[in-house]
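The primary structure of each chain is shown beneath.
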Amino acid sequence: MSQVILITGASSGLGKAAADFLSSQGHIVYGTSRKPSGEKLPWKPISMDVTNQQSVESAVNEVIAKEGHIDVLLNNAGMGIGGALENFSGPEVQKQFDTNFFGMARMVSAVLPSMRARKSGKIINISSIGGLMGLPFQGQYSAAKFAVEGYSEALSMELKPFNIKVVVVNPGDFKTGFTSSRIFTEIDSNGGNYDVNFKKAVAIMEKDEQGGSNPVILARTIAKIIRSKNPNFRYIVGRFDQRLIARLKPFLPNALVAWILRDHYKVS
Ligand SMILES: NC(=O)c1ccc[n+]([C@@H]2O[C@H](COP(=O)([O-])OP(=O)(O)OC[C@H]3O[C@@H](n4cnc5c(N)ncnc54)[C@H](OP(=O)(O)O)[C@@H]3O)[C@@H](O)[C@H]2O)c1
């Protein structure tokens, strides 16, 4: 059955692949970005900045005014700031959380009154495998995604009486615009005190992302979640080794997980 779906961050990468795929399946899809390109798309673009409360409310109101309701919110908009945790300034931390965590929470609060009134809806929050384990030199990104995890767990319980399903998706590495949109702390950009490890880790994360999976794979998982009457709370999607460590982490000693990650990112 055709659903009304609102996707944040639909101008690129995972959000765009999901918008294209879901609209090809006959859903009514609205996709946001800060500056829609004006190109002809099979879904409806909306201008919205998740860091701006007014912009969030007006985008959600626009969809509800046109369609009467929203069946699915896909919270996907996000970006990364790389750097050593010591080197993050207050505004840099704020910027990371404002998009990846507070932006998602703003969207949820904006759609909930209408979903609660209808006692129906799905909220799908894009986290990351980095939301299940702290990644070196992506520490604030991981912290913001860990926040998405705790928030989503609590939200799923609060919304149970309203028949609103909450789902978290943890992608591994996917080839998207994420790598080129990543920014770095001012200190690390200018050769900070973590220079060698920082450079090695960044080179590896960029290589992993650009050699990553095709975003269509994630779009298919989103379509499956939308079709399902009773979706799981969590879907981990991506390369086998990344899915494996994410699944095994709770059962492994912390020191072993840290060794695996330090070895992977060449942090010595
Ligand atoms: N690619 C990966 O390997 C990977 C892995 C794990 C998790 N993820 C997560 O997947 C999500 C999508 O990332 P992606 O890889 O598809 O990256 P991407 O290609 O860079 O796309 C990011 C999208 O987010 C939007 N966005 C960024 N800041 C925004 C803001 N303030 N307000 C509204 N929209 C904003 C961008 O739109 P505009 O710039 O046009 O506004 C763009 O459409 C993110 O949450 C990311 O953390 C990605």
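Values in this document were obtained by computation on a predicted structure and should not be read as measured data.

Novice: Got a sec to walk through the packing of helix α2 (residues 53-67) against helix α3 (residues 90-118)? Specific residues and values, please.
Specialist: Relative to each other, α2 and α3 sit at 35°, their axes nearing to 9 Å. Our pair here, α2 against α3, has a crossing hand that is right-handed. Residues Gln53, Val56, Val60 and Ile64 of α2 form the contact with α3, whose own contacting residues are Arg106, Met107, Ala110, Val111 and Ser114. Broken down by class, the residue content of the contact of α2 with α3 amounts to six nonpolar, two polar and one charged.

Novice: Would you mind going over empty space enclosed by the protein in detail, with residue names and values included?
Specialist: Inspection of every chain in the model, using the stated rule, returns one cavity of 30 Å³ or more. Computed from the structure, the largest cavity encloses a volume of approximately 80 Å³. What lines the largest cavity is a set of 13 residues, and nearest its centre among them are Asn75, Asn76, Ala77, Asn100 and Met104. When contributions to the lining of the largest cavity are tallied by element, the ones reaching two or more residues are α3 and α4 (139-159). Considering every element that reaches the lining of the largest cavity, the biggest residue donor is α3, with five residues. By residue class, the composition of the lining of the largest cavity is six nonpolar, six polar and one charged.

Novice: Report on the environment of aspartate 173, specifying residues and quantitative values.
Specialist: As for its position among the elements, aspartate 173 is in the loop between β7 (164-171) and α5 (178-181). Under the relative-accessibility criterion, aspartate 173 is labelled buried at 15%. If near-sequence neighbours (up to four positions away) are discounted, aspartate 173 is found in contact with Asp208, Glu209, Gly212, Ser213 and Gln242. Polar side-chain contacts of aspartate 173 include one of 2.8 Å to the side chain of glutamine 242.

Novice: Help me get a handle on the pairing of strand β2 (residues 28-33), residues and values and all.
Specialist: Burial within β2 is extensive, with five of its six residues counted as buried. Judged from the four bridges that link them, strand β1 (residues 4-7) and β2 form a sheet pairing that is parallel. The residue of β2 that forms the bridge with leucine 6 is tyrosine 30. You can see the chain leave β1, run along helix α1 (residues 13-24) and come back into β2, and the turn it takes is right-handed. As judged from the four bridges shared by β2 and strand β3 (residues 44-47), these two strands associate in the parallel manner. Bridging across to β3, serine 33 finds its partner in serine 47.

Novice: Break down the environment of asparagine 87 for me, with residues and values.
Specialist: Looking at where asparagine 87 falls in the secondary structure, it is placed in the loop between β5 (81-82) and α3. Linking asparagine 87 and methionine 48, residues 39 residues apart in sequence, is a C-alpha distance of 30 Å. Beyond its immediate sequence surroundings of up to four residues, asparagine 87 is in contact with Glu92, Thr185, Ile187, Asp188, Asn193 and Tyr194.

Conventions we followed
- Residues numbered from 1 in each chain as written.
- Predicted model: local features only at pLDDT ≥ 70, side-chain atom pairs only at ≥ 80, totals over all residues.
- Heavy atoms only, no water.
- Axes fitted to C-alpha atoms, helices over the stretch in contact; angles between N-to-C directions.
- Helix = DSSP H or I, 4+ residues; strand = E, 2+ residues; numbered from the N terminus.
- Left-handed = near helix turned anticlockwise from the far one by under 90°.
- Contact = heavy atoms within 4.5 Å.
- Nonpolar A, V, L, I, M, F, W, Y, C, P; charged D, E, K, R; others polar.
- 1 Å grid on protein atoms, 1.4 Å probe; cavity = no way out; pocket = protein on both sides within 12 Å on 5 of 7 lines; lining within 4 Å.
- Points joined across faces, edges and corners; volume = space filled by probe spheres on them.
- Buried < 20%, exposed > 50% of the residue type's maximum accessible area, 1.4 Å probe, protein only.
- Polar contact = N/O pair within 3.5 Å; in protein donor to acceptor, adjacent residues only side chain to side chain.
- Pairing = 2+ DSSP bridges.
- Right-handed = clockwise from strand over helix to strand, strands pointing away.

Spatial relationships are all this shows, so hold off on functional conclusions.
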